[in-house]
Amino acid sequence: MGEMGHTGGHGTEHESVYDGLLGSGDSQWAFGTDFEDPLAGMDTTIPDGADAASLAQYCLMLGDDALIYSHRLSQWSSRAPDLEDDIALSNIALDLLGQARLLLTRAAAADPALVPALPDGSPVPPEDALAFFRDENAFRNVRLVEQDNGDFAVTVVRLLIFATYRLALLQHLAASTDAVLAAIAVKGVRELTYHRDYAARWFLTLSVGTDESRRRLLAALAVVWPYYGELSRTHPVELRVAEHGVGVDPATLTDEVDVLLGQVFGVSGVDRPGLPAVGPVSAGTGRDGRHTEEMGRLLAEMQVVARAHPNGRW
Amino acid sequence: MTAVSADTVKDAAHARAVAATVTDPELPMLTLADLGVLRDVELAGGTVIVTITPTYLGCPAMATMRDDLVHRLRDSGYDDVQVRVSLSPAWSSDDITTRGRQALAEHGISAPGRANRAAGPVVLTLLPVRRALACPRCGSADVRLISEFGPTACKAMYRCTGCLEPFEHVKEI
């Protein structure tokens, strides 16, 4: 290889070492990168038979699931039971953040009216405006992902359920007539495969570890399970995009997800819980913007700095 | 720094050759070309359009790759550079070139095996993945997986039970 490492020397090529962190302009939005449109060069036309508003709402649902769960999982950084799991959970959070970014970008491109208005000259790109400047009732994630992490067992059970559901969803979404959703899905399947295996192995390990780990696992299952039902509850938007060939009706995933969870429960000697699902609130669920108490605190932590400096540049 | 003769500047092959020298920020022994993320370099009018693809969707190195490409090409006289991201076809560890695999091994990083691209539903794997690996330092095949998640999204952590050293393995994806 002719060129190894940093031959040529960044020190001579750049004015300062910080130049490499900045984008093409003189300054940039302080709380994200200024990478030009993350979808540049992709086919972003609305597929035949689809409507832009429903596509955008659907992208918000899938993007918010990833964003909010990513934020929750990232709270394990520096606090996991050991270094390897600290890194694993952070990696999983990062994968989901990458999916969220593209999905929110797609939502904003399909329906710019969704993006909160910001002051003129604001450097905030649309996907960040959606993440940091929407209020709680505009988020469309399922309530499963916003719950507190609890102990490690709660985190493992929730991740198993989420990753199993999302992997099934993305495998079907790979056939979407929307080129962007299909590309995100194909890529996401490969990432989610590692997430699901990780959670399933830990589920099995905790179930056969010690009396205490098994006790905690069963307690965790009781905490998480009531939010499982919402994953397969079809929202009118999901039904519409499924009919358009753009999205997936989550109710059609139930059998697949149940079989896989059943496999893990089976080898772990754990019974499938018979607990009832958490019901809708005022006839709505997370997909309608009705969230639980934990969501407000999560958003406060996630959004506070960006909201305090909507024109923040460096 | 911008003094480059006009005939080289107009040549797409030259622009490609320049872009192909840019290395990965996380794996500096690998060029973006050898990593398989440099998809295309074309010259449209006076603009160089470079297309790259992420290894993982959340890869935080994408902005650095973009900046490094722009700087390297500017230093070679291409003032107008656009870097685009392409998601399809998705990057696979199979896209790492033979030369790239050698460079990884020479720097103590275990190269990925063939990615499993079986059709049909993704199979749940409850036991740790068995990879036929050799320690990049001592060559021992007696290695143990520490974690499927390493210091970057694309790597797993191993330990050699021969020389007792830990090492990184680029994951099959």
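Keep in mind it's a predicted model, so treat the numbers as computed, not measured. Numbering of residues starts from 1 in each chain and follows the order in which that chain's sequence is written. The lettering of chains begins at A and the numbering of ligands begins at 1, in the order of writing. Owing to the predicted nature of the model, reporting of local features is limited to residues with pLDDT of at least 70; listing and counting of side-chain atom pairs is limited to 80 or more, with chain, interface and lining totals taken over all residues.

So, the confidence of the model for chain B
All names here are of chain B. As a per-residue measure, pLDDT tells how confident the predictor is, with possible values from 0 to 100. Confidence in the prediction for chain B averages 89 pLDDT; 94% of positions are at 70 or higher. A low-confidence stretch, residues 1-7 stays under pLDDT 50, and its non-local contacts, those more than four residues away or across chains, total five contacts. Here the complex is predicted with pTM 0.89, and the ipTM for its interfaces comes to 0.86. Note that contacts rest on C-beta atoms placed from the backbone: two residues are in contact if these are within 7 Å.

Considerations on the packing of helix α2 (residues 52-74) of chain A against helix α8 (residues 236-243) of chain A
All names here are of chain A. Note on geometry: axes are C-alpha line fits, over the in-contact stretch for helices, and angles between N-to-C directions span 0 to 180 degrees. Strands are runs of DSSP state E lasting at least two residues, helices are runs of H or I lasting at least four, and both sets are numbered from the N terminus onward. The contact between α2 and α8 brings their axes to 9 Å, and the two run at 120°. Relative to α8, the element α2 is oriented oblique. Helix-helix and strand crossings are classified by hand; for α2 and α8 the assignment is left-handed. Seen from α2, the contacting residues are S54, L55, Q57 and Y58; seen from α8, they are V237, E238, R240 and V241. Residue polarity is assigned by list, with Asp, Glu, Lys and Arg as charged and Ala, Val, Leu, Ile, Met, Phe, Trp, Tyr, Cys and Pro as nonpolar; anything else, Gly included, falls into the polar class. Here the contact of α2 with α8 is built from residues that sort into four nonpolar, two polar and two charged. Our angle categories are set so that under 35 degrees counts as roughly parallel, over 145 as roughly antiparallel, 65 to 115 as roughly perpendicular, and the remainder as oblique. Left-handed describes a crossing whose near helix is turned anticlockwise from the far helix through less than a right angle; right-handed describes the clockwise counterpart.

Brief notes about the domain arrangement of chain B
All domain edges in this entry derive from an automatic or database-based domain assignment. As assigned here, chain B comprises domain 1 (6-85) and domain 2 (109-116 + 129-170). Between the C-alpha centres of domain 1 of chain B and domain 2 of chain B there is a distance of 30 Å.

Description of the packing of helix α5 (residues 152-173) of chain A against helix α7 (residues 211-224) of chain A
All names here are of chain A. Remark: α5 packs on α7, axes separated minimally by 8 Å, with the N-to-C direction vectors making an angle of 55°. Classified by the angle between their axes, α5 and α7 sit oblique to one another. The element α5 and its partner α7 pack so that their crossing is right-handed. For the pair α5 and α7, the contacting residues are A153, V154, V157, R158 and I161 in the first and R216, L217, A220, L221, V223 and V224 in the second. Per-class residue counts for the contact of α5 with α7 are nine nonpolar, no polar and two charged.

Thoughts on the interface of chain A and chain B
Of the residues lining the interface, 46 residues belong to chain A; the matching set on chain B comes to 39 residues. Among the elements that line the side of chain A that touches chain B, the one with the most residues is helix α6 (residues 179-208) of chain A, at 16 residues.

Digging into the environment of V157 of chain A
Residues and elements named next belong to chain A. In this fold, V157 is placed in helix α5. In this scheme every C-beta is placed from the backbone, and a residue whose C-beta has 20 or more other C-beta atoms within 10 Å is buried, one with 12 or fewer is exposed, and one in between is partly exposed. Classification of V157 by C-beta neighbours within 10 Å gives buried; the count is 27. Placed 42 residues apart in sequence, V157 and A199 show a C-alpha to C-alpha distance of 7.2 Å. Not counting chain neighbours up to four residues away, the residues in contact with V157 comprise F203, L217, A220, L221 and V224.

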